[in-house]
Amino acid sequence: MKMLSLPPYLRELQIEIEGHARRYGLDFFDTVFEMVDYQRMNEVASYGGFPVRYPHWRFGMEYDRMAKSFSYGLHKIYELVINNDPCYAYLLEGNSTTEQKMVMAHVYGHCDFFKSNQWFAPTNRKMMDQMANHGARVRRYMDKYGVDEVESFLDVCLSLDNLIDRHSPYVQRAPMTRVVEEEDAAVIEAPKLIAGRSYMERYVNPGDVIEKERQRLEAEQTHLEGKFPVEPVLDVASFLARNAPLKKWQEDVMNIVIAEAYYFAPQGMTKIMNEGWASYWHSIIMTRHSLNDSEIIDFAETHSATMAVSPGGINPYKIGIELFRDIEDRWDRGRFGKEYDECQDLDEKLHWNRHLGLGREKIFQVRRIHNDVTFLDEFLTPEFCWRQKLFTFEYNKKRQGFEIFSKDFKEIKNKLLAQLTNFGQPFIYVEEANYANRGELLLWHRHDSVDLDQRWGRETLSNIYKVWSRPVHLRTLIENKKRLWTHDGKEFRDSPFE
Amino acid sequence: MSILNIQKDHSRFREIVRGKIKQNLRKYITKGELIGRKGKDTVTVPVPQIEIPRFRFGSQQQGGVGQGDGDVGDQVQPGDPEDGEPGKAGKDSGEHGMDVDVNLSDLAAILGEELELPRIQPRGLDKIHTTRERYIGIRSVGPESLRHFRRTYKQALLRQISSGIYNPKDPIIIPVRDDKRYRSWKTESLPHSNAVIIYMMDVSGSMGDEQKEIVRIESFWIDTWLRSQYDGIESRYIIHDAIAREVDRDTFFHTRESGGTMISSAYKLCADMIEKEYPVSEWNIYPFHFSDGDNWSVDDTLECVRILKERVLTQSNLFCYGQVESPYGSGQFIKDLREHFSGEETVITSEIKNKDGIVQSIKDFLGKGR
């Protein structure tokens, strides 16, 4: 990638800010800043930070949208940073020096997070190269099989790129291909208790019981053998890539889309923490070191614009930074543990201070091991929700609009967690790859309180059909009734399900 | 390199949008969806379903968490979810689509392709000219501001090599006076064609809102098409009941009178307008008339035919008459016209029963390529 050298005054600032960041113990890959104009910034942003990506019209759509909203003055991208080694970060030409400093400090927060947070550990740190590689492969397929053919298959793959198993990079999952057992493998035996003495054997393990158990296990085994996958598979996309009748290039394209989805997944899983952490550090580095007196107002304005709250949703920057500060304060003053929790005296709790000074250490630990879900689950407190004026809102049918529903801690926490689990995406599993013994695909939506949107579902099923090339079904709940959505390539059906 | 990347993807996106618009063009026309979405050079087109479909939650049950002042029961407007689903369709809209700005000329091209409209051969092509300067040549004298760097460099390089003073180890090229090359221009004269569209509409009591809407939609598309065919387009508007007058565009579509109908009054005004302001040597003239066809008397109809024959048809590229069916039925006028002008190529009549008939009638009017 072409590097534009940073203007000397910014280069100096970079060295200064990097120094501050290191002294505070931030640990990051080498960070390369590039100064770009707004057009290029929009362009890079529409490629998700990777200008070398494979060609696809949706990047053009994204660009169209960004260019428009930029020219109407609706939005401006301040910074863009990429999880890669080295870390690439883009600065917008024309921003004031104060803004550039703040962005740099912010970027070092992100870089530290990318490198240190365990959820990013499995991501490819040479993703810039990998993306270019993907781009080259897709272009080659386009040359060979035609742009339209490859592009419309990409459309189909992208339709599935939210159907991945976000935890699978961290654990071992059952294999997704059908395992063919060897004929004479494993004669099924019922487990026996240890009798100790041989004459006790027939009392401890009576023959008829053992035989019955053996038959039961055998039946279970044959039942399972017919069933594939054995257990529902959350990674629908990979399952299809491995088991659908695809051509070689199609399989490769699909795997490219899946690999990129997995690469971006941790950023979705840690949005609040990542932004909170970066904001925490830009705030510290700026206010304690880098700002001079004439810049303080500008900084305050930019910072508070970033932290703006709205009743219509949460701002990850705001929640993140406040929660990190709250944790730091709690561990500095020892406001945690059994003794604190059991204290009934509100006044004492308010002025609680054990002078532990563990705050900084604690937040470094938190940024290493948590993701948004565990972060909120572990550290959200009633006091915090109250201080931050959090509430939940729900749709009111009578009023035809959303209204504030509750300020209760439990409600808020549940709602937040529910929104974040699985990255706010529905849980869709592959349940059966040979449904009705006709080679049809049965998907299962694990319903937790929110129904799927049928219009989107219909289109998505039609795309899955294009991959599976046999009818596809999805069982779900709509208004608490079991439904089966089917797409057979020609039409969509919505039928009740027993 | 990457600049080109986004341009490629962007134009690919525009292509897809174009395809979608083409697919849905008939719907846009009959539903009049694009009227009122017109900017200066662009139209905002609601394009259905261009996002990539994914399984997602229905929005109404979802709710969320917000931050700020407010009590239980206060209304809130949920913003975009934090990761931003750009272009998410509003919860009330039936389709998930997005608005795309399309150039009027692109839209016209799409219309032309879809309805298979022939390009118009303008009259008076060689009569009217405009001139334009284009930099297409190179010469050896000129102002420094027009110096062609690469050509000059090449020339100097050539001279130095051929005269043996070029040193590959120290490749310094110094152009002398004779090496310099400058851009030069040529003045071209281009044929220029103007057109005027004269819309006439019957606003007598029998023309209801529905009928006017049809006229409005048709005039939008006629405008769009003719605009793409001529360099300069003017539109004039005449309304009439028993008497005719010229009005502006807005009044044209929103006036309702209760009088009777004397079509000849409009034709007379139209003919006067053409004679006074649009000399046939310089203008391509398109009178369009919309009515429910209930003329006052047979005499007046004959008068109309006379004016058309003597004063309008001789001047115009095309005379189009659209008869819109009103709640009181369709009138006699279209039959009279057909009778008097059978075999006359410059007169086109079209009956528009309802909005679904608009597409066909646009095709009738513009399908001749005149």
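The structure displayed is predicted, hence computed values, not measured ones.

**Comments concerning the overall build of chain B**
Moving on, step 1. The number of helices and strands found in chain B is 10 helices and 12 strands.
Moving on, step 2. Here chain B holds 370 residues, and the buried ones make up 33% of them.
Moving on, step 3. Considering only residue pairs separated by 6 or more positions, chain B has 80% of its internal contacts joining residues 24 or more positions apart.

**A word on the overall build of chain A**
Moving on, step 1. Scanning chain A from N- to C-terminus turns up 20 helices and 10 strands.
Moving on, step 2. C-alpha extents for chain A along the principal axes are approximately 90 × 70 × 55 Å.
Moving on, step 3. By sequence separation, contacts in chain A at least 24 residues apart represent 71% of the contacts at least 6 residues apart.

**Regarding the sheet that holds strand β9 (residues 481–487) of chain A**
All names here are of chain A.
Moving on, step 1. Within the open sheet, the five strands sit side by side as β6-β7-β8-β9-β10. Their pairing is mixed. The open sheet has two edge strands with one neighbour each: β6 (427–435) and β10 (492–496). Going across the sheet, the axis of each strand differs from the next one's by a mean of 25 degrees, ignoring polarity.
Moving on, step 2. Note: strand β8 (residues 472–478) against β9, seven bridges, orientation antiparallel. When the sheet's bridge partners are listed, Leu 477 is paired in β9 with Lys 482.
Moving on, step 3. Strands β7 (440–446), β8, β9 and β10 of the sheet are contacted by helix α20 (residues 454–468), whose axis makes an angle of about 160 degrees with β8.

**Details of helix α7 (residues 263–277) of chain B**
Residue pairs spaced three or four apart in an α-helix point in one direction, given the helix's 3.6 residues per turn.
Moving on, step 1. Here α7 of chain B spans 21 Å end to end across 15 residues, near enough to the 21 Å set by a 1.5 Å rise per residue.
Moving on, step 2. For α7 of chain B, every residue scored as buried is listed here: Ile 263, Ser 264, Ser 265, Ala 266, Tyr 267, Leu 269, Cys 270, Ala 271 and Ile 274 of chain B.

**Observations concerning the pairing of strand β8 (residues 232–240) of chain B**
Two faces belong to every sheet, and in a regular strand the side chains alternate between them.
Residues and elements named next belong to chain B.
Moving on, step 1. As judged from the nine bridges shared by strand β7 (residues 194–202) and β8, these two strands associate in the parallel manner. By the bridge assignment for β8, Ile 197 is matched with Ser 235.
Moving on, step 2. Sheet analysis places β8 next to strand β9 (residues 244–247), joined by four bridges and oriented antiparallel. Of the residues in β9, the one forming a bridge with His 240 is Ala 244.
Moving on, step 3. Where β8 folds back on β9, the antiparallel hairpin that results is connected by three residues.

**With respect to the interface of chain A and chain B**
Moving on, step 1. On the side of chain B, 42 residues touch chain A, which itself brings 59 residues to the contact.
Moving on, step 2. Elements with a minimum of two residues in the side of chain A that touches chain B: α2 (38–46), α3 (57–71), α6 (147–158), β4 (390–396), β5 (401–406), α19 (409–420) and α20 of chain A.
Moving on, step 3. Considering every element that reaches the side of chain A that touches chain B, the biggest residue donor is α3 of chain A, with eight residues.
Moving on, step 4. Along the lines of polarity and charge, the residues of the side of chain A that touches chain B split into 26 nonpolar, 18 polar and 15 charged.

**Concerning the nonpolar core**
Moving on, step 1. Core analysis: the largest hydrophobic core is formed by 115 residues, its most contacted members being Tyr 108, Val 236, Val 253, Trp 281 and Leu 443 of chain A.
Moving on, step 2. Setting aside residues no more than four positions away along its own chain, Val 236 of chain A makes contact with Leu 160, Leu 163, Ile 428, Val 430 and Leu 443 of chain A.
Moving on, step 3. Counting 71 residues, the second-largest nonpolar core is a separate cluster that includes Ile 238, Cys 270, Ile 274 and Val 347 of chain B.

**Concerning the domain arrangement of chain A**
All names here are of chain A.
Moving on, step 1. Examined at the domain level, chain A breaks down into domain 1 (8–117 + 270–298), domain 2 (128–174 + 232–268), domain 3 (185–228), domain 4 (307–413) and domain 5 (426–496).
Moving on, step 2. A C-alpha centroid distance of 27 Å is found between domain 1 and domain 4.
Moving on, step 3. Each side of the interface is counted separately: domain 1 has 14 residues, and domain 4 has 15 residues.
Moving on, step 4. Elements with a contribution of two residues or more to the side of domain 1 that touches domain 4: α4 (97–116) and α11 (271–290).
Moving on, step 5. Here the side of domain 1 that touches domain 4 gets nine residues from one element, more than from any other, and that element is α11.
Moving on, step 6. For the side of domain 1 that touches domain 4, the per-class residue count stands at five nonpolar, seven polar and two charged.

**Digging into the packing of helix α5 (residues 127–145) of chain A against helix α10 (residues 248–269) of chain A**
Residue and element names in this part refer to chain A.
Moving on, step 1. Close contact between α5 and α10 brings their axes to 11 Å; oriented N to C, the two are set at 155 degrees. Relative to α10, the element α5 lies roughly antiparallel. α10 is crossed by α5, and the crossing has left-handed handedness. Contact residues: Met 127, His 134, Arg 137, Val 138, Tyr 141 and Tyr 145 in α5; Trp 249, Asp 252, Val 253, Ile 256 and Tyr 263 in α10.
Moving on, step 2. Classifying every residue of the contact of α5 with α10 gives eight nonpolar, one polar and two charged.

**Some points on unusual backbone geometry**
Trans is the common state for peptide bonds, and a negative phi is the common state for residues other than glycine.
All names here are of chain A.
Moving on, step 1. In this chain, Asp 85 is followed by Pro 86 through a cis amide linkage whose omega measures 0 degrees.
Moving on, step 2. One can find Pro 86 in the loop between β2 (79–82) and β3 (87–92).
Moving on, step 3. Here the phi dihedral of Asn 437 falls at roughly 55 degrees; this positive angle occurs in a residue that is not glycine.
Moving on, step 4. Residue Asn 480 is not a glycine yet carries a positive backbone phi of 65 degrees.

**Brief notes about the pairing of β9 of chain A**
All names here are of chain A.
Moving on, step 1. Connecting β8 to the next strand, β9, in antiparallel fashion are two residues, including Glu 479 with a positive phi near 45 degrees.
Moving on, step 2. Pairing analysis gives five bridges linking β9 to β10, with the strands arranged antiparallel. By the bridge assignment, Arg 483 is partnered in β10 with Pro 496.
Moving on, step 3. In this antiparallel pair of consecutive strands, β9 and β10, the connection spans four residues, and Gly 489 shows a positive phi of 95 degrees.

**What about the sheet that holds strand β3 (residues 75–76) of chain B?**
Moving on, step 1. What the four strands build is an open sheet, ordered β2(B)-β4(A)-β5(A)-β3(B); its pairing is antiparallel. Of all strands in the sheet, those with a lone pairing partner are β2 (64–67) and β3 of chain B, marking the two edges.

**Section: the domain arrangement of chain B**
Residue and element names in this part refer to chain B.
Moving on, step 1. Taken domain by domain, chain B holds domain 1 (1–51 + 88–116), domain 2 (129–189) and domain 3 (194–366).
Moving on, step 2. Here the C-alpha centroids of domain 1 and domain 3 sit 30 Å apart.
Moving on, step 3. Breaking the side of domain 1 that touches domain 3 down by element, the ones donating at least two residues are α2 (25–31) and α3 (104–115).
Moving on, step 4. The element that contributes the greatest number of residues to the side of domain 1 that touches domain 3 is α3, accounting for eight residues.
Moving on, step 5. Among the residues making up the side of domain 1 that touches domain 3, the classes are represented as eight nonpolar, four polar and one charged.

**Side note on the packing of α6 of chain A against α10 of chain A**
Residue and element names in this part refer to chain A.
Moving on, step 1. In the contact formed by α6 and α10, the axes pass within 10 Å of each other and the chain directions differ by 45 degrees. Judged by the inter-axis angle, α6 sits oblique to α10. With respect to the hand of their crossing, α6 and α10 are arranged in right-handed fashion. Contacts from Val 150, Phe 153, Leu 154, Cys 157 and Leu 158 in α6 reach Gln 250, Val 253, Met 254 and Val 257 in α10.
Moving on, step 2. Considered class by class, the residues forming the contact of α6 with α10 number eight nonpolar, one polar and no charged.

**As for the environment of Glu 282 of chain B**
Moving on, step 1. Along the chain, the position of Glu 282 of chain B falls in the loop between α7 and β10 (283–291).
Moving on, step 2. C-alpha separation for the pair Glu 282 of chain B and Ser 193 of chain B, spaced 89 residues apart in sequence, amounts to 7.6 Å.

**Quick word on α6 of chain A**
All names here are of chain A.
Moving on, step 1. Taking 1.5 Å per residue, 12 residues should reach 16 Å; α6 reaches 16 Å between its end C-alpha atoms and fits that length.
Moving on, step 2. Along α6, the positions that sit buried rather than exposed are Val 150, Glu 151, Phe 153, Leu 154, Val 156 and Cys 157.
Moving on, step 3. Residues of α6 that are buried in the fold lie against α3, α5, α10 and α20.

**Comments concerning the confidence of the model for chain B**
Residue and element names in this part refer to chain B.
Moving on, step 1. Here chain B averages 81 in pLDDT, while 89% of its residues score no lower than 70.
Moving on, step 2. Confidence, expressed as mean pLDDT per element, reaches its minimum in chain B at strand β4 (residues 97–103) with 75 and its maximum at helix α4 (residues 149–162) with 92.
Moving on, step 3. Segment residues 80–96 is flagged for pLDDT under 50; beyond a separation of four residues in sequence, or across chains, it makes 24 contacts in the model.
Moving on, step 4. In the predicted assembly, ipTM is 0.81 and pTM is 0.76.

What counts, and at which threshold
Residues numbered from 1 in each chain as written. Chains lettered and ligands numbered in written order. Predicted model: local features only at pLDDT ≥ 70, side-chain atom pairs only at ≥ 80, totals over all residues. Helix = DSSP H or I, 4+ residues; strand = E, 2+ residues; numbered from the N terminus. Buried ≥ 20, exposed ≤ 12 C-beta atoms within 10 Å, placed from the backbone. Contact = placed C-beta atoms within 7 Å. Pairing = 2+ DSSP bridges. Axes fitted to C-alpha atoms, helices over the stretch in contact; angles between N-to-C directions. Expected span 1.5 Å × (residues − 1). Nonpolar A, V, L, I, M, F, W, Y, C, P; charged D, E, K, R; others polar. Core = buried A, V, L, I, M, F, W, Y, C linked by C-beta atoms within 7 Å. Domains from an automatic or database assignment. Parallel < 35°, antiparallel > 145°, perpendicular 65-115°, else oblique. Left-handed = near helix turned anticlockwise from the far one by under 90°. pLDDT = per-residue confidence, 0-100.

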